[in-house]
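The primary structure of each chain is shown beneath.
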Amino acid sequence: MGGNDALRAFFARCREYGIDVQEARRALARARTDVRSGRVLEVDPYKLAWRRLRRRHT
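As the structure is a computational prediction, the values presented were derived from the model and not from experiment.

Chemist: Describe in detail the packing of aromatic side chains, supporting the description with residues and values.
Modeler: Enumeration according to the criterion identifies three aromatic pairs in this entry. Summarising the aromatic geometry, the rings of Phe10 and Phe11 are spaced 5.5 Å apart at their centres and angled 65° between planes, so their arrangement reads as edge-to-face. Considered together, Phe10 and Phe11 belong to a single accessibility category, that of buried residues. Among the aromatic residues, those joined into a cluster by ring pairs are Phe10, Phe11 and Tyr46. The ring of Trp50 carries the charged tip of Arg13 above its face, separated from the ring centre by 4.9 Å.

Chemist: An account of the side chain of Asp34 is needed here, citing residue identities and associated values.
Modeler: Within the secondary structure, Asp34 is located in helix α2 (residues 21-37). On the accessibility criterion, Asp34 (3% relative accessible area) is buried. Once you skip the residues sitting within four places of it in the chain, Asp34 turns out to touch Arg39, Val40, Leu48 and Arg52.

Conventions used here
- Residues numbered from 1 in each chain as written.
- Predicted model: local features only at pLDDT ≥ 70, side-chain atom pairs only at ≥ 80, totals over all residues.
- Heavy atoms only, no water.
- Phe/Tyr/Trp six-rings, centres within 6.5 Å; stacked < 30°, edge-to-face > 60°.
- Buried < 20%, exposed > 50% of the residue type's maximum accessible area, 1.4 Å probe, protein only.
- Lys NZ or Arg CZ within 6 Å of the ring centre and 35° of its normal.
- Helix = DSSP H or I, 4+ residues; strand = E, 2+ residues; numbered from the N terminus.
- Contact = heavy atoms within 4.5 Å.

See the structure below:
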């Protein structure tokens, strides 16, 4: 999945679950930073951000 497709899918999933867009953007930015810096083992920032958002909203 390309970058734009992944981004669209991420925000579509957030809308589907009623997660605020600003909160989703912040979570994705944080996940990207964590993945780039090597602080986490996850290599996909979208999966990491989604997991963190779902944990917070359940």
